[in-house]
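Notes for the structure review
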Amino acid sequence: VKLTRVALLVPAAFMLGMRARRSGKSKTASAASLPIPWFIFGFLGMSAIHTSGVISAAHSEFLVQVSYVLIGMAMAGLGLKVHISAFRHNGWRALAAGLIGSLCLSLFGWAAVTFFL
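Notes on the structure follow. Remember, it's a predicted structure, so these values are computed and weren't measured experimentally. (Residues numbered from 1 in each chain as written. Predicted model: local features only at pLDDT ≥ 70, side-chain atom pairs only at ≥ 80, totals over all residues. Heavy atoms only, no water.)

Focus on the overall build of the protein chain
When its secondary structure is counted, the protein chain shows five helices and zero strands. Along its sequence from the N terminus, the protein chain presents helices and strands in the succession α-α-α-α-α. Residue burial in the protein chain is summarised as follows: out of 117 residues, 8% are buried. (Helix = DSSP H or I, 4+ residues; strand = E, 2+ residues; numbered from the N terminus. Buried < 20%, exposed > 50% of the residue type's maximum accessible area, 1.4 Å probe, protein only.)

Looking at the packing of aromatic side chains
In the structure shown here, the tally under the stated rule is one aromatic pair. Ring plane angle 75° and centroid distance 6.3 Å describe the contact between Trp-110 and Phe-115, whose orientation is recorded as edge-to-face. Residue Trp-110 is classed as exposed on the basis of its relative accessible area, which comes to 53%. Take Phe-115: its relative accessible area is 62%, and that puts it in the exposed class. (Phe/Tyr/Trp six-rings, centres within 6.5 Å; stacked < 30°, edge-to-face > 60°.)

Quick look at the packing of helix α2 (residues 9–23) against helix α3 (residues 39–52)
At a minimum axis separation of 11 Å, α2 and α3 run at an interaxial angle of 160°. When the axis of α2 is compared with that of α3, the two are roughly antiparallel. In this structure, the crossing between α2 and α3 has a hand that is left-handed. Here Leu-9, Val-10 and Ala-13 of α2 come into contact with α3, specifically with Phe-39, Ile-40, Phe-43 and Leu-44. When its residues are assigned to classes, the contact of α2 with α3 shows seven nonpolar, no polar and no charged. (Axes fitted to C-alpha atoms, helices over the stretch in contact; angles between N-to-C directions. Parallel < 35°, antiparallel > 145°, perpendicular 65-115°, else oblique. Left-handed = near helix turned anticlockwise from the far one by under 90°. Contact = heavy atoms within 4.5 Å. Nonpolar A, V, L, I, M, F, W, Y, C, P; charged D, E, K, R; others polar.)

Description of the environment of Thr-114
Tracing the sequence through the fold places Thr-114 in helix α5 (residues 84–116). Given a relative accessible area of 39%, Thr-114 falls into the partly exposed group. In terms of polar contacts, Thr-114 uses its side chain to reach the backbone carbonyl oxygen of Trp-110, at 2.7 Å. (Polar contact = N/O pair within 3.5 Å; in protein donor to acceptor, adjacent residues only side chain to side chain.)

Written out as structure tokens, the structure is:
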């Protein structure tokens, strides 16, 4: 499921960026700007480096463990900035969207594993 989510990140980000550009809701979109977040190139670059075998398996495993710690720190930092009152006021739609997205990804991953393996 995690691999499917990462594999679909680039096309999903591209489609959302194109939609935002067409609807005019993107404040920073210009004709020359890319409609995808720049961190996508980091994902693609790290994937290429890992696939090429430049980094040994031991170093790769260490970097994976470091990434888990860093993502945990980032999530904690975001969570500590959330005010419950603002979440009650604005957060139900975001919570519903995240829940529906997670359920769809889980079902898609389950179906892919069940029908293709």
